[in-house]
Every structure is written in C-alpha cells, then in structure tokens.
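Reading the structure
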Amino acid sequence: MKNKKAIYRSYLLRLWHVKQNGDWIWRTSLEEVDTGKRRAFTNLDLLIGFLENETAESLNAQEEQENEKG
C-alpha cells in the first residue's frame, strides 16, 4: 500500500464562499478518500501549495523506488 500511496492520491474537494471583511472569499477542504483525514484551507493559494507539495513528494518517492530497482 505504501508504494501505491506514493503514486496515487484521491481527495474529495469541497469549496464554499464566506464573507470576510465585506468581501466574499473561498474556503476549501480536502478529504483523503482512503483515510477520511480532512484538511481545511483558508484560501485557494494554500490549497494549491498543499497539492504542489503532495505531488512533489509523490514524484520523489516514485523516483526513489525506481532507483532502488536499479
């Protein structure tokens, strides 16, 4: 399962508007499908940053696995 997690992610994405200081802004959350773990983000930039980090880690893990194989 560890190898599969390194190359595959599945999330349920939720988006909604909230009013803050007179402006409407996006709030988001991601729920990992396999674990049910949820993460909340106060803006879209944080969500994108999280996803960029997750995909970078996945690629690094996949490269390490391929290097171990030879």
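Reading the values: rules and limits
Residues numbered from 1 in each chain as written. Predicted model: local features only at pLDDT ≥ 70, side-chain atom pairs only at ≥ 80, totals over all residues. Heavy atoms only, no water. Helix = DSSP H or I, 4+ residues; strand = E, 2+ residues; numbered from the N terminus. Buried < 20%, exposed > 50% of the residue type's maximum accessible area, 1.4 Å probe, protein only. Polar contact = N/O pair within 3.5 Å; in protein donor to acceptor, adjacent residues only side chain to side chain. Contact = heavy atoms within 4.5 Å. pLDDT = per-residue confidence, 0-100. Pairing = 2+ DSSP bridges. Axes fitted to C-alpha atoms, helices over the stretch in contact; angles between N-to-C directions.

1. Details of unusual backbone geometry
One non-glycine residue with positive phi stands out, namely N21, at about 55 degrees. Considering the arrangement of structural elements, one finds N21 in the loop between β1 (11-20) and β2 (23-32). Residue classification places N21 among the exposed residues on the basis of a relative accessible area of 74%.

2. Some thoughts on the side chain of E31
Within the secondary structure, E31 is located in strand β2. A residue is classified by how much of its surface remains accessible, and E31, at 18% relative accessible area, is buried. Engagement of the side chain of E31 in a polar contact is seen with the side chain of R38, the distance being 3.1 Å. With residues up to four places along the chain from it excluded, the contact list for E31 reads S10, Y11, L12, R14, G36, K37 and R38.

3. Examining the confidence of the model for the protein chain
Per-residue confidence for the protein chain gives a mean pLDDT of 85, with 80% of residues at or over 70. Within the protein chain, no element has a lower average pLDDT than helix α1 (residues 2-7), which sits at 55, and none a higher one than strand β3 (residues 38-41), at 97.

4. Description of the sheet that holds β3
Strand order in the open sheet made by the three strands is β1-β2-β3, with antiparallel pairing throughout. Every interior strand has two partners, whereas the edge strands, β1 and β3, have only one. Across this sheet, the average inter-strand angle for adjacent strands is 20 degrees, counted without regard to direction. Relative to β2, β1 runs antiparallel, the two being bridged by 10 bridges. In the strand pairing of β2, R14 is matched with S29.

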